[in-house]
Amino acid sequence: MSKNASREATQDKILETVIDILREVPLSKITVAEISRRANINRKTFYKYFDTPTQVLLVRLEDKILSEILYDLTQQTCDPVGHTLDVTNHKQTKIVLNVLIRYREAITAAYQNAGGLDFELFDDFLARLRRDWLPFKNCHTTEQKFVANILSQMLIKLMVDWLTADVLLPVPQLLHRADILFKTSISDLNQPQNR
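- As recorded by an unreviewed UniProt entry, the chain carries the name TetR/AcrR family transcriptional regulator and is attributed to Leuconostoc falkenbergense.

**So, the overall build of the chain**
And then number 1: Scanning the chain from N- to C-terminus turns up 9 helices and 0 strands.
And then number 2: The linear arrangement of helices and strands in the chain, starting from the amino end, is α-α-α-α-α-α-α-α-α.
And then number 3: Counting every position in the chain, which comprises 195 residues, the buried fraction comes to 42%.
And then number 4: For the chain, the proportion of contacts with a sequence separation of at least 24, taken over those separated by at least 6, is 64%.
And then number 5: Surface exposure of the chain reaches about 11300 Å², of which carbon and sulfur atoms provide 51%.

**Let's talk about helix 2 (residues 32-39)**
Owing to its 3.6 residues per turn, the α-helix aligns residues three or four sequence positions apart on the same side.
And then number 1: Burial in helix 2 covers these residues: Val 32, Ile 35, Ser 36 and Ala 39. Seen from one end, helix 2 has its buried residues packed into an arc of 95°, which puts them on one side.
And then number 2: Downstream of helix 2 by a residue or two, Asn 40 has a phi angle that is positive, lying close to 60°.

**Section: the pattern of salt bridges**
And then number 1: Within this structure, the stated rule accounts for 9 salt bridges.
And then number 2: The shortest N-O distance in the salt bridge between Asp 20 and Arg 23 comes to 2.5 Å.
And then number 3: Residue Arg 38 pairs with Glu 34 through a salt bridge whose shortest N-O separation is 2.5 Å. Remark: Glu 34 and Arg 38 occur in helix 2; sequence separation between them is 4 residues, near one turn of the helix.
And then number 4: On the basis of relative accessibility, which here comes to 21%, the residue Glu 34 falls in the partly exposed class.
And then number 5: Here the salt bridges share partners, and the residues they tie into one network are Glu 8, Asp 12, Arg 60 and Lys 64.

**Re unusual backbone geometry**
And then number 1: Phi at Asn 40 takes a positive value of approximately 60°, unusual for a residue other than glycine.
And then number 2: Note that Asn 40 resides in the loop between helix 2 and helix 3 (43-49).

**What to know about the packing of helix 1 (residues 3-22) against helix 2**
A pair of packed helices can be characterised by two numbers: the angle between their axes and the separation between those axes.
And then number 1: Contact geometry of helix 1 with helix 2 gives a least axis separation of 9 Å together with a crossing angle of 115°. With respect to helix 2, the axis of helix 1 lies roughly perpendicular. By crossing handedness, the relation of helix 1 to helix 2 is classed as right-handed. Side by side, helix 1 and helix 2 meet where Lys 13, Ile 14, Thr 17, Val 18 and Ile 21 of the first sit next to Glu 34, Ile 35, Arg 38 and Ala 39 of the second.
And then number 2: Residues belonging to the contact of helix 1 with helix 2 are distributed by class as follows: 5 nonpolar, 1 polar and 3 charged.

Thresholds applied
- Residues numbered from 1 in each chain as written.
- Predicted model: local features only at pLDDT ≥ 70, side-chain atom pairs only at ≥ 80, totals over all residues.
- Heavy atoms only, no water.
- Helix = DSSP H or I, 4+ residues; strand = E, 2+ residues; numbered from the N terminus.
- Buried < 20%, exposed > 50% of the residue type's maximum accessible area, 1.4 Å probe, protein only.
- Contact = heavy atoms within 4.5 Å.
- Areas by Shrake-Rupley, 256 points an atom, 1.4 Å probe, with all protein chains shown as cover.
- Arc of directions from axis to C-beta.
- Salt bridge = Lys/Arg side-chain N within 4 Å of Asp/Glu carboxyl O.
- Axes fitted to C-alpha atoms, helices over the stretch in contact; angles between N-to-C directions.
- Parallel < 35°, antiparallel > 145°, perpendicular 65-115°, else oblique.
- Left-handed = near helix turned anticlockwise from the far one by under 90°.
- Nonpolar A, V, L, I, M, F, W, Y, C, P; charged D, E, K, R; others polar.

Okay, here's the thing in structure tokens:
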């Protein structure tokens, strides 16, 4: 196993351990000693990669989610790796949502730990989606960029609300709500302003 693969495997093991412990105790109660014991690593190994248990979620979880989204998009849509993710494309959005469902427990724990405010995971997630996949690359005018920005922010807000709800709404219903939200917002943006 290469050094890079070994490092990735260790970080994944730490992440999986944190997610497992989250089923028993809140994030604020998780200690590095407990993670190290359960992951069968020493504390020094933990600190080689992360400063705190929270950082495991905010750094490694984000990387894992984004890499799985990219992999699943590539595999299921048969598009090249650099293909743009369009938030209004249901097939692509379902892929994103299904990856998020896999990590719902960890995402919810990180969100609750942040008090629901300024959720760093989704701030970074949105920034990376904008940079890598959202249709900003195809936007040429300021108005197009503005609309793409609003659509992406609305989708992220909708996803956070959906993931942290007590009962998970089925993906088709979430997509229907997103469609209504997008269509209403676009029509509002296109209305002439009364001055």
